[in-house]
Amino acid sequence: MPEHRGHRLGLALKVATHAALREQAPGLRALATWNSHVNPWMIAINEQLGYRVAFRELGLQGRPDLG
Ligand SMILES: CC(C)(COP(=O)(O)OP(=O)(O)OC[C@H]1O[C@@H](n2cnc3c(N)ncnc32)[C@H](O)[C@@H]1OP(=O)(O)O)[C@@H](O)C(=O)NCCC(=O)NCCS
């Protein structure tokens, strides 16, 4: 929804979910998150929160001939 961009809503939502996790899972020590490599906005948010690249995944999509 382009008209709602630019208000850091993505970061706010993620900060809120992290705060909820801290309450609900106080023993949590690490989190993994995923995003597309062609989504620089979400990558920037994750980097601001301290996430670092741990691995890269290649997903393949196709139309197998099911006969
Ligand atoms: C992730 C998302 C919510 C971040 O948007 P946001 O919270 O508005 O981001 P910011 O406020 O930090 O915006 C920073 C700048 O990037 C721009 N921007 C953010 N997302 C954008 C997008 N998908 N396409 C183009 N520009 C975008 C904003 O307009 C803003 O521009 P400005 O500096 O000229 O004002 C938004 O990109 C989005 O809804 N994406 C689609 C869903 C998605 O990617 N979900 C995550 C899947 S892992």
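Residues numbered from 1 in each chain as written. Predicted model: local features only at pLDDT ≥ 70, side-chain atom pairs only at ≥ 80, totals over all residues. Heavy atoms only, no water.

Visitor: Explain the site of the ligand to me, please; I cannot follow it from the model alone.
Guide: Around the ligand lies a shell formed by Arg5, Gly6, His7, Arg8, Leu9, Gly10, Trp34, Asn35, Asn39, Trp41, Met42 and Ile45. Side-chain polar atom of Arg5 to a nitrogen atom of the ligand: 3.3 Å apart, as the coordinates give it. A distance of 2.7 Å separates an oxygen atom of the ligand from a polar atom in the backbone of Arg8. Relative to its free-state accessible area of 890 Å², the ligand is covered by the protein chains to the extent of 50%. Elements with a contribution of two residues or more to the shell around the ligand: α1 (9–24) and α2 (40–48). (Near = heavy atom within 4 Å. Polar contact = N/O pair within 3.5 Å; in protein donor to acceptor, adjacent residues only side chain to side chain. Areas by Shrake-Rupley, 256 points an atom, 1.4 Å probe, with all protein chains shown as cover. Helix = DSSP H or I, 4+ residues; strand = E, 2+ residues; numbered from the N terminus.)

Visitor: Explain the packing of aromatic side chains here, please?
Guide: One pass over the structure, following the stated rule, counts zero aromatic pairs. Above the plane of the ring of Tyr51 lies Lys14, whose end atom (NZ or CZ) is 5.2 Å from the centre. (Phe/Tyr/Trp six-rings, centres within 6.5 Å; stacked < 30°, edge-to-face > 60°. Lys NZ or Arg CZ within 6 Å of the ring centre and 35° of its normal.)

Visitor: When you look at the packing of α1 against α2 in this model, what are you seeing that I'm missing?
Guide: When two helices pack together, their arrangement is given by the angle between the helix axes and by the axis-to-axis distance. Remark: α1 packs on α2, axes separated minimally by 10 Å, with the N-to-C direction vectors making an angle of 45°. Here α1 is positioned oblique relative to α2, judged by the angle of their axes. Viewed along their axes, α1 and α2 form a crossing whose handedness is right-handed. For the pair formed by α1 and α2, the contact residues are Gly10, Leu11 and Lys14 on the first element and Met42, Ile45, Asn46 and Gln48 on the second. Taken together, the residues that form the contact of α1 with α2 break down as three nonpolar, three polar and one charged. (Axes fitted to C-alpha atoms, helices over the stretch in contact; angles between N-to-C directions. Parallel < 35°, antiparallel > 145°, perpendicular 65-115°, else oblique. Left-handed = near helix turned anticlockwise from the far one by under 90°. Contact = heavy atoms within 4.5 Å. Nonpolar A, V, L, I, M, F, W, Y, C, P; charged D, E, K, R; others polar.)

Visitor: Any chance you could explain the environment of His18 here in plain terms?
Guide: Among the structural elements, His18 can be located in helix α1. Put simply, His18 and His37 are 19 residues apart on the chain and 22 Å apart in space, counted from C-alpha to C-alpha. Ignoring any residue separated from it by four or fewer positions in sequence, one finds His18 in contact with Leu31, Leu49 and Tyr51. Engagement of the side chain of His18 in a polar contact is seen with the side chain of Tyr51, the distance being 2.7 Å.

Visitor: Explanation requested: the side chain of Lys14 in the structure shown.
Guide: On the secondary structure map, Lys14 appears in helix α1. We note that Lys14 is buried and unpaired, the nearest opposite charge coming from Glu47 at a distance of 12 Å. In this structure the side chain of Lys14 is engaged in a polar contact, spanning 3.1 Å, whose partner is the side chain of Thr33. (Buried < 20%, exposed > 50% of the residue type's maximum accessible area, 1.4 Å probe, protein only. Lys, Arg positive; Asp, Glu negative; His and termini not counted. Salt bridge = Lys/Arg side-chain N within 4 Å of Asp/Glu carboxyl O.)

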